[in-house]
Amino acid sequence: MASKFGIPPNGAEIRKMVAERLIVARQEDGAKVTVDWRGEKRYLNVISMPVGMLYFNPDTHRIRAQRTLDPERNKTLEEYPWSEDAQAYLRALLASKPSNPNQIDPEFTALVDELRQFGQLEPGIITPDGILVDGNTRCAALRELGQPNIQVAVLPDDTAWSDIHAVELAL
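Residues numbered from 1 in each chain as written. Predicted model: local features only at pLDDT ≥ 70, side-chain atom pairs only at ≥ 80, totals over all residues. Heavy atoms only, no water.

## Examining the nonpolar core
Part 1: In terms of nonpolar packing, the biggest core is built from 48 residues, with Val18, Ile47, Met49, Ile125 and Ile126 touching the most fellow members.
Part 2: Ignoring any residue separated from it by four or fewer positions in sequence, one finds isoleucine 125 in contact with Val33, Val35, Leu44, Ile131, Leu132, Val133, Asp134, Val152, Ala153, Leu155, Val167 and Leu171. (Core = buried A, V, L, I, M, F, W, Y, C linked by side-chain atoms within 4.5 Å. Buried < 20%, exposed > 50% of the residue type's maximum accessible area, 1.4 Å probe, protein only. Contact = heavy atoms within 4.5 Å.)

## A few points about unusual backbone geometry
Phi is mostly negative for residues that are not glycine, and the peptide bonds are mostly trans.
Part 1: For aspartate 29, which is not glycine, the phi dihedral falls at a positive 50 degrees.
Part 2: Considering the arrangement of structural elements, one finds aspartate 29 in the loop between helix H1 (11-28) and strand E1 (32-37).
Part 3: The class of aspartate 29 is exposed, set by a relative accessible area of 57%. (Helix = DSSP H or I, 4+ residues; strand = E, 2+ residues; numbered from the N terminus.)

## Here we look at helix H7 (residues 161-170)
Part 1: Listed in full, the buried residues belonging to H7 are Trp161, Asp163, Ile164, His165, Val167 and Glu168.
Part 2: If you follow the buried residues of H7, they end up packed against E1, helix H2 (64-67), strand E5 (124-126) and strand E6 (132-134).

## Some details on the packing of aromatic side chains
Part 1: A full pass over the atoms with the stated rule returns one aromatic pair.
Part 2: Note on tyrosine 55 and tryptophan 82: the rings are 5.5 Å apart at their centroids and 75 degrees apart in plane angle, and the pair reads as edge-to-face. Of this pair, tyrosine 55 sits in the loop between strand E2 (40-50) and H2 while tryptophan 82 is found in the loop between helix H3 (71-79) and helix H4 (84-95), placing the two residues 27 residues apart along the sequence.
Part 3: Residue classification places tryptophan 82 among the buried residues on the basis of a relative accessible area of 11%. (Phe/Tyr/Trp six-rings, centres within 6.5 Å; stacked < 30°, edge-to-face > 60°.)

## A short note on the pattern of salt bridges
Part 1: Scanning the model with the defined rule gives 13 salt bridges in all.
Part 2: A salt bridge links arginine 91 to glutamate 144; the nearest nitrogen and oxygen atoms lie 2.5 Å apart. Linking arginine 91 in helix H4 with glutamate 144 in helix H6 (residues 136-144), this pair joins segments that are 53 residues apart in sequence.
Part 3: Bridged by salt links that share partners, the residues Asp59, Arg64, Arg67 and Glu78 form one connected network. (Salt bridge = Lys/Arg side-chain N within 4 Å of Asp/Glu carboxyl O.)

## Topic: the pairing of E1
Part 1: The alternating pattern of E1 places Val33, Val35 and Trp37 on a buried face and Lys32, Thr34 and Asp36 on a face that is not buried.
Part 2: Relative to E2, E1 runs antiparallel, the two sharing six bridges. Across the sheet, the residue bridging to valine 35 is arginine 42, located in E2.
Part 3: Hairpin remark: E1 followed by E2, antiparallel, with two residues in the connecting loop; positive phi at arginine 38, about 50 degrees. (Pairing = 2+ DSSP bridges.)

## Points about H4
Part 1: The terminal C-alpha atoms of H4 lie 16 Å apart, and with 12 residues this matches the ideal 16 Å at 1.5 Å per residue to within 8%.
Part 2: All buried positions along H4 are accounted for by Ala86, Gln87, Tyr89, Leu90, Leu93, Leu94 and Ala95.
Part 3: Looking at the buried side of H4, the elements it contacts are H2, H3, strand E3 (96-97), strand E4 (100-104), helix H5 (106-118) and H6. (Expected span 1.5 Å × (residues − 1).)

## Some remarks on the side chain of arginine 67
Part 1: Positionally, arginine 67 belongs in helix H2.
Part 2: A relative accessible area of 5% means that arginine 67 is categorised as buried.
Part 3: In contact with arginine 67, not counting residues within four places along its chain, are Phe5, Pro58, Asp59, Asn74, Leu77, Glu78, Tyr89 and Leu93.

## Describing the packing of H3 against H4
Part 1: Contact geometry for H3 and H4: axes closest at 8 Å, N-to-C directions at 120 degrees. In terms of axis orientation, H3 runs oblique to H4. The way H3 lies across H4 gives a crossing that is left-handed. Taken together, the residues of H4 that come into contact with H3 (itself represented by Arg73, Asn74, Thr76 and Leu77) are Asp85, Ala86, Ala88, Tyr89 and Leu90.
Part 2: Grouping the amino acids of the contact of H3 with H4 by side-chain chemistry returns five nonpolar, two polar and two charged. (Axes fitted to C-alpha atoms, helices over the stretch in contact; angles between N-to-C directions. Parallel < 35°, antiparallel > 145°, perpendicular 65-115°, else oblique. Left-handed = near helix turned anticlockwise from the far one by under 90°. Nonpolar A, V, L, I, M, F, W, Y, C, P; charged D, E, K, R; others polar.)

## Points about the environment of alanine 12
Part 1: Tracing the sequence through the fold places alanine 12 in helix H1.
Part 2: A relative accessible area of 64% places alanine 12 in the exposed class.
Part 3: Alanine 12 sits 117 residues away from aspartate 129 along the chain, and the two C-alpha atoms are 6.8 Å apart.

And the structure:
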């Protein structure tokens, strides 16, 4: 998956784990998520992944405009998107109000409460390399709750950044 962001440092390890879990999910004919994929409907298998292993998407539409509010941290995000500092910045933006990143978003707090009470009801979507396409905020909330795993559907092996953007916008 070529892009200006490259592949996360643990991408190969994640890809291996994803492939192993997808084999089991297909054998069990488990849950699936439907997405628009290159002009067609595609049914993606859902697997469980460790929340701490996945990466927040540095180019998600949800926070793209907010990133630039802190030029120093945005520069780190541009140069080292998979670093702990960049990922911590993304996590902070996901939990903050879009209109004021210095305040916790009440919607994030409500999501944390909902997940605490009911658990995860809808799976997220990841690339085979462990980049969150859908479910970035859900993953941040699950991490806050100390949950070890997140349910995610997995995009095909040949996923490009243009596919990530298309899937994200279609959702």
